[in-house]
Amino acid sequence: MIILRLKSENILCFHQLDLTDLPAQGRILITGPNESGKSALLEILAFALFGRTANLARNDLAKVIRWGADQGSATLKLRAPDQKRYTLTRAIDREGNHQATLGATDDQTTLALGTEAVDQKIQEWIGCDFQPFLDTLYLAQARHTRPGETIRALDGETTLNAIQAELQAEDQALRQQESAQLAQQAALRDEIIALKIQEDRLALQETALEQAANRVAAAQATVERWLGVEAGIIQATQRIATACDHLAQIPFASPLAEWRQRGQNLDAALRELESIDRAGHLAGIATPKNGVRQWFQRWQEPLNTLEKNIAGLWEERAALLRWLGELPPAPNDSPTLTTEREKINHAHHKALKRRARKGRRMGILLLLIPITWFAAGLSWNLWLQPRFGAQVAELLGRHLPGVPLTTNLVMMAVTALPALLLLCGLLGRGLAGKKVRAALAAKQALDLQVIKAWNVIDTIPKTAEHPLQEQVTLLIQLDRAPWSADLNRWTGTEFNGFWDETAWNHAQNQLQEQLQNLQAQLAPVLTTLRAKGEQARQEPLRLLDQVAQLQKEVEDERHRRHERTRILAAIAGIDGEKGQIHHAIEIRQVAEGLLQGASQELRLQFQQELNRVLGRLVPIFTRGRFHTLRLDEQWNITVLPEGHREPVEMVALSTGVKRQLALVLRVALSQALLARTPDSAFLALDEPFAHFDRQRSQEFLESLATIDPRIAQIWITAQEFADEALTASRHIDCGALRTSS
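Thresholds applied
- Residues numbered from 1 in each chain as written.
- Predicted model: local features only at pLDDT ≥ 70, side-chain atom pairs only at ≥ 80, totals over all residues.
- Heavy atoms only, no water.
- Axes fitted to C-alpha atoms, helices over the stretch in contact; angles between N-to-C directions.
- Helix = DSSP H or I, 4+ residues; strand = E, 2+ residues; numbered from the N terminus.
- Parallel < 35°, antiparallel > 145°, perpendicular 65-115°, else oblique.
- Left-handed = near helix turned anticlockwise from the far one by under 90°.
- Contact = heavy atoms within 4.5 Å.
- Nonpolar A, V, L, I, M, F, W, Y, C, P; charged D, E, K, R; others polar.
- Patch = residues over 30% accessible without salt bridge, like charges linked within 9 Å, V, L, I, M, F, W, Y side chains within 5 Å.
- Areas by Shrake-Rupley, 256 points an atom, 1.4 Å probe, with all protein chains shown as cover.
- Salt bridge = Lys/Arg side-chain N within 4 Å of Asp/Glu carboxyl O.
- Buried < 20%, exposed > 50% of the residue type's maximum accessible area, 1.4 Å probe, protein only.
- Polar contact = N/O pair within 3.5 Å; in protein donor to acceptor, adjacent residues only side chain to side chain.
- Core = buried A, V, L, I, M, F, W, Y, C linked by side-chain atoms within 4.5 Å.
- Phe/Tyr/Trp six-rings, centres within 6.5 Å; stacked < 30°, edge-to-face > 60°.
- Arc of directions from axis to C-beta.
- Expected span 1.5 Å × (residues − 1).
- Pairing = 2+ DSSP bridges.

Q: Please set out the packing of helix 7 (residues 256-278) against helix 8 (residues 291-324) residue by residue, giving values where relevant.
A: At a minimum axis distance of 11 Å, the contact between helix 7 and helix 8 shows a crossing angle of 140°. Of the possible angle classes, the one that applies to helix 7 and helix 8 is oblique. Judged by the twist between their axes, the crossing of helix 7 over helix 8 is left-handed. Facing Leu-256, Trp-259, Arg-260, Gly-263, Leu-266, Asp-267, Leu-270, Arg-271 and Glu-274 of helix 7, the residues of helix 8 in contact are Val-292, Arg-293, Trp-295, Phe-296, Trp-299, Gln-300, Leu-303, Asn-304, Leu-306, Glu-307 and Ile-310. Tallied by class, the residues present in the contact of helix 7 with helix 8 amount to eleven nonpolar, three polar and six charged.

Q: I'd like to hear about a nonpolar patch on the surface, residue by residue, with values.
A: A cluster of nonpolar side chains, namely Leu-367, Leu-368 and Ile-371, defines an oily patch on the protein surface of about 280 Å² accessible area. Looking at the secondary structure, you find Ile-371 in helix 9 (residues 337-399). For Ile-371, a relative accessible area of 48% gives the class partly exposed.

Q: I'd like a description of the side chain of Glu-563, backed by residues and values.
A: Within the element layout of this structure, Glu-563 appears in helix 13 (residues 501-621). Of the residues examined, Glu-563 reaches a relative accessible area of 19% and is grouped as buried. For Glu-563, the side chain forms a polar contact with the side chain of Arg-566, separated by 2.7 Å.

Q: Explain the nonpolar core residue by residue, including any values.
A: Residues Leu-41, Leu-49, Leu-78, Phe-133 and Trp-715 are the most contacted members of the largest nonpolar core, which totals 87 residues. For this core, the leading source of residues is helix 1 (residues 38-50), giving ten residues. Core analysis: the next-biggest nonpolar cluster, separate from the first, contains 54 residues, Ile-240, Leu-303, Leu-337 and Ala-507 among them.

Q: Would you mind going over the packing of aromatic side chains in detail, with residue names and values included?
A: Applying the stated rule across the entire model yields one aromatic pair. Between the aromatic rings of Tyr-86 and Trp-125, the centroid separation amounts to 5.0 Å while the plane-to-plane angle is 45°, which identifies the pairing as tilted. In this pair, Tyr-86 sits in strand 5 (residues 85-93) while Trp-125 sits in helix 2 (residues 115-126), placing the two residues 39 residues apart along the sequence. A relative accessible area of 7% means that Tyr-86 is categorised as buried. On the basis of relative accessibility, which here comes to 7%, the residue Trp-125 falls in the buried class.

Q: Got a sec to walk through helix 11 (residues 468-477)? Specific residues and values, please.
A: Turn by turn, an α-helix covers 3.6 residues, leaving residues three or four places apart pointing in a common direction. Of all the positions in helix 11, only Leu-468, Gln-471, Val-472 and Leu-475 are classed as buried. Along the long axis of helix 11, the arc covered by the buried residues comes to 95°, so they all point the same way.

Q: Describe the pattern of salt bridges, and please don't skip the residues or the numbers.
A: Throughout the structure, instances matching the rule amount to 24 salt bridges. Between Asp-556 and Lys-552 there is a salt bridge, with the nearest N and O atoms lying 3.1 Å from each other. Of the two residues, Asp-556 and Lys-552 both sit in helix 13, four residues apart, roughly one turn of that helix.

Q: Requested: an account of helix 8, with residues and values cited.
A: With 34 residues, helix 8 extends 49 Å from end C-alpha to end C-alpha; this agrees with the ideal 50 Å at 1.5 Å per step. Measuring from the backbone nitrogen of Val-292 back to the side-chain oxygen at the start of helix 8 gives 3.2 Å, which picks out Asn-290 as the cap. Looking at the residues trailing helix 8, positive phi occurs at Gly-325, about 90°.

Q: Could you give an account of the pairing of strand 5, with specific residues and numbers?
A: Looking at chain direction, strand 4 (residues 71-79) and strand 5 are connected through nine bridges and run antiparallel. Directly across from Leu-78, in strand 5, lies its bridge partner Tyr-86. Bridge count for strand 5 against strand 6 (residues 98-104) is seven bridges, and the pairing is antiparallel. Along strand 6, the bridge assignment pairs Thr-89 with Thr-101. Joining the antiparallel neighbours strand 5 and strand 6 is a turn of four residues, in which Gly-96 adopts a positive phi near 85°.

Q: So what's going on with the side chain of Asn-290? Which residues, and what values?
A: In this structure, Asn-290 sits in the loop between helix 7 and helix 8. Of the residues examined, Asn-290 reaches a relative accessible area of 14% and is grouped as buried. With residues near it in sequence (within four places) discarded, Asn-290 still touches Leu-270, Leu-273, Glu-274 and Leu-518.

Q: Lay out the sheet that holds strand 5 with the relevant residues and their values.
A: Across a sheet, paired strands are connected by hydrogen bonds in the backbone, their directions being either parallel or antiparallel. Sheet architecture is open: six strands sit in the order 2-1-4-5-6-7, paired in antiparallel fashion. Two strands in the sheet have a free side with no partner beyond their single neighbour: strand 2 (14-19) and strand 7 (110-113). Averaged over all adjacent pairs, the angle separating strand axes in this sheet is 15°, with direction ignored. Relative to strand 4, strand 1 (residues 2-11) is paired through seven bridges, and the arrangement is antiparallel. Considered in strand 4, the bridge of Ile-2 is made with Arg-79.

In structure tokens, the structure reads:
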């Protein structure tokens, strides 16, 4: 990296500083009297590059601002290893706010923004951070050489030592963590022992809890059962009493449906009471004798008989409706009215046709007799008698003696057959007329049967609205013998309260007596039930205390098991962490061994390379007075003067020689640093010839030009140089700069 321009404002002793057109190759000589700002100029260069100076700590950096100003800035234009030009700007104020920007000069693009990003980029280009920079490329005035630290930084030993120190610290921390985890595991195992867990205890406790809960449920069910039985008996008794009152208060002239409905209400109430005993809820308790049921059964029998008869009437009514064609016929029904009517109409029509046919035949015969009579007489007289008269007379005399053969006889004989046919026709017509009359009679009888059927059909539903007596009377009056006889027998049954109001009043009194007896019998039953219910209530309370205690024991045991599971998981987790920690410790131990080997190898290689460079540079810079300068493993400096066989330590040399050899070492270190980058670099030397005479200073300047072509730009400060030295690439007079700024 080469400096092309240095500019500052209110930094150190310069109000305005602007060094332009700095040569990329050669020596830049900076002269001036004391306090003229020679060292300050190089400090500004260091500040612009690293935001640091050789004589100020980082926390005192605000002191670089010129006295009387509130802020300052420094700008560098430089050529980077990529051969591009960049502009680096730093600014700082009295509050210590520090800003930095690095960007390309040509296209104005920003390469890095912020102090950290800029510092990282500069270190990448130069090849070191600020401290090695001070010990190699920048020699500050009155700054003593500390080769050990710089060499360790340059050969990588410092970095490796720092990494090794971090690994050792991490190893120590991991071992402490491992010990803490072992102690934690021991404490956790003690906690598991303190839990005193028995593997089968939870199962036994849960079984006991389940059994206790079942006993509680059974006891509560018993309580509910006794309470339900008591409430059921009370409710059923009230319903029985209400049904009895409703039945007793029924108007005597009520229809059968009303009688039956109130009877069904009483039957339902009785069944509700009886179902309690049938379910076994009254086991062990004397069941009362139900006289109301006996009264109801005796009262219900005639109603059942009556309903059966009336049901038969309704079945008959349905059969009549099917016969009349008002309902669809059943499979086993007799011929319907339509069928019978069609049959009678067919017979009547057939009889009428036959009678008409017989009448037509008789008319023909009546017309045929005179014609036959006339034809027979004419034929006999004109044709038959002359030819066959004698034979007929002889035959007639033989068989009917005394009957004379006359024309009238012949005519009568001829007309006898039509007359016989006429007689037969008269008889047939009479029979046909009789069948017509029979058909008319059957039709009339069928019409009468239809009228009677409709009478039955209309009467049966109408009677349901009448009082029971009138209903039975109307049904008896129907002209249907089967059910009339059944109803007549029903009116004479034993329980005739439906027929006699006095008998009904007597039956009501019996019902009230039976109801009172039933209520009296149920009173001790209810007392017993209440006592059993009260006794049953105590059992769940007692069992609930046991359940609560068992639940607490189960919860405690589950909590202990949960704690054990948690502790075991924690122990397993610690085991896993211990494995990881142990593995990490092993890795760090291996890494430490590798780092130690690498550090020794790097030190050996760098020491050999540095001694080789020093062996080449020392004779040049000392004009052969010293042959070599050596660094041992602890980086102690020894020199071998000309003519000596034993090395001499630096402390035994004069100050001027020490300074001269220190410069040689710094130049050698800068060459070692430049070996890390292919780019050219600058070298800044602040008052390097403070203890040199004029001739030695001139020799040193001449030697600098030959040491390494990679050190292209050399900044050197001094109060004055020889006239021939001022012909270098650039001469900067700080006295003139201070006057102009």
